[in-house]
Amino acid sequence: MRIRTDDEVYRVDAVWLGPPKATFPWRARYVSWGIGLAVFFLTLTVERRIGIGIGFFSVAWALVITVAITRLVGSRISHERPLGAVVTMWLRELTSPRQTSAGQGGAVTATRIKVNGQRPLPKPGRRQLPPAPNSPGRHAQQPRRQAASRTREVRGVRTPTRP
């Protein structure tokens, strides 16, 4: 027995193709029309604030920018992630507290460290300590010897090593 899911119902986008017998050559969801209208007016407002006057090319560029931004936003939303959830997630991401990565203080320099050109002499009256028992200069190191019973493995065959 095969169980059918209701995914087909959600795959159908609520789109307006245009008036009957004069449909648009593209498909756009209702939410895309709303987003596009808001982005278009926002783009025109930004152009006016920058100082670009109303003309053919300014409106054409506003339309191109609107289509690009609307397609970008439309690719991020679906029936599982509606526009309200995307906007809420975006706002919370912008206003969430961040970990501060800037350190306290300034650059580290060695300008305040006093350096003498000569090595300090030992103070009189102090005696020198004998070297530690495990210091490397106390005993001359002897060469290590290999055990005679040591063997090595060559392609699965154990043979004695050569001295």
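Residues numbered from 1 in each chain as written. Predicted model: local features only at pLDDT ≥ 70, side-chain atom pairs only at ≥ 80, totals over all residues. Heavy atoms only, no water.

## Some points on the overall build of the chain
For step 1, the next point in the chain: Within the chain, the secondary structure is distributed over four helices and two strands.
For step 2, the next point in the chain: Starting at the N terminus and ending at the C terminus, the chain contains elements arranged as α-α-α-α-β-β.
For step 3, the next point in the chain: Taken over 163 residues, the chain has a buried fraction of 11%.
For step 4, the next point in the chain: Total accessible area on the chain stands at roughly 16,300 Å², and carbon and sulfur atoms take up 59% of it. (Helix = DSSP H or I, 4+ residues; strand = E, 2+ residues; numbered from the N terminus. Buried < 20%, exposed > 50% of the residue type's maximum accessible area, 1.4 Å probe, protein only. Areas by Shrake-Rupley, 256 points an atom, 1.4 Å probe, with all protein chains shown as cover.)

## Some details on the packing of aromatic side chains
How two aromatic rings sit relative to each other is set out by the distance from centre to centre and by the angle between their planes.
For step 1, the next point in the chain: Using the criterion set out here, one finds two aromatic pairs in the structure.
For step 2, the next point in the chain: Ring plane angle 75 degrees and centroid distance 5.3 Å describe the contact between F56 and F57, whose orientation is recorded as edge-to-face. (Phe/Tyr/Trp six-rings, centres within 6.5 Å; stacked < 30°, edge-to-face > 60°.)

## Quick notes on the confidence of the model for the chain
For step 1, the next point in the chain: Looking at the chain, the pLDDT average stands at 78 and 68% of residues meet or exceed 70.
For step 2, the next point in the chain: Least confident of the elements in the chain is strand β1 (residues 151–154), whose mean pLDDT is 58; most confident is helix α3 (residues 56–76), at 93. (pLDDT = per-residue confidence, 0-100.)

## Here's the deal with the side chain of E47
For step 1, the next point in the chain: Structurally, the position occupied by E47 is in helix α2 (residues 30–50).
For step 2, the next point in the chain: What makes E47 buried here is its relative accessible area of 8%.
For step 3, the next point in the chain: Side-chain polar atoms of E47 contact the side chain of R48, separated by 3.4 Å. (Polar contact = N/O pair within 3.5 Å; in protein donor to acceptor, adjacent residues only side chain to side chain.)

## Some thoughts on a nonpolar patch on the surface
For step 1, the next point in the chain: A cluster of nonpolar residues, F56, F57, W61, V64, I65 and I69, forms a patch on the protein surface that exposes about 670 Å² of accessible area.
For step 2, the next point in the chain: Along the chain, the position of F57 falls in helix α3.
For step 3, the next point in the chain: Owing to a relative accessible area of 61%, F57 belongs among the exposed residues under this scheme. (Patch = residues over 30% accessible without salt bridge, like charges linked within 9 Å, V, L, I, M, F, W, Y side chains within 5 Å. Salt bridge = Lys/Arg side-chain N within 4 Å of Asp/Glu carboxyl O.)

## Focus on the pattern of salt bridges
For step 1, the next point in the chain: Within this structure, the stated rule accounts for two salt bridges.
For step 2, the next point in the chain: Residues E47 and R48 are paired through a salt bridge, measuring 3.4 Å at the closest nitrogen-oxygen approach.
For step 3, the next point in the chain: We note a salt bridge from R98 to E93, for which the minimum N-O separation is 3.5 Å.
For step 4, the next point in the chain: Taking relative accessible area as the criterion, R98 reaches 53% and is therefore assigned exposed.

## Let's talk about α2
Since the α-helix advances by 3.6 residues per turn, residues separated by three or four positions end up pointing in the same direction.
For step 1, the next point in the chain: Counted at 1.5 Å a residue, the expected span for α2 with its 21 residues is 30 Å, and the 30 Å between its end C-alpha atoms agrees.
For step 2, the next point in the chain: By the burial criterion, the buried members of α2 are S32, I35, G36, V39, F40, T43, L44 and E47. Relative to the axis of α2, the buried residues are bounded by an arc of 165 degrees and lie together on one face. Exposed side chains of α2 directed beyond 90 degrees from the buried face belong to L37, L42 and R49.
For step 3, the next point in the chain: The positive-phi residue at the C-terminal boundary of α2 is G51, with phi of around 115 degrees. (Expected span 1.5 Å × (residues − 1). Arc of directions from axis to C-beta.)

## Considerations on the side chain of T43
For step 1, the next point in the chain: Looking at the secondary structure, you find T43 in helix α2.
For step 2, the next point in the chain: On the basis of relative accessibility, which here comes to 10%, the residue T43 falls in the buried class.
For step 3, the next point in the chain: In this structure the side chain of T43 is engaged in a polar contact, spanning 2.7 Å, whose partner is the backbone oxygen of V39.
For step 4, the next point in the chain: Look past the residues within four positions of T43 in its chain and what remains in contact with it is A62, I65 and T66. (Contact = heavy atoms within 4.5 Å.)

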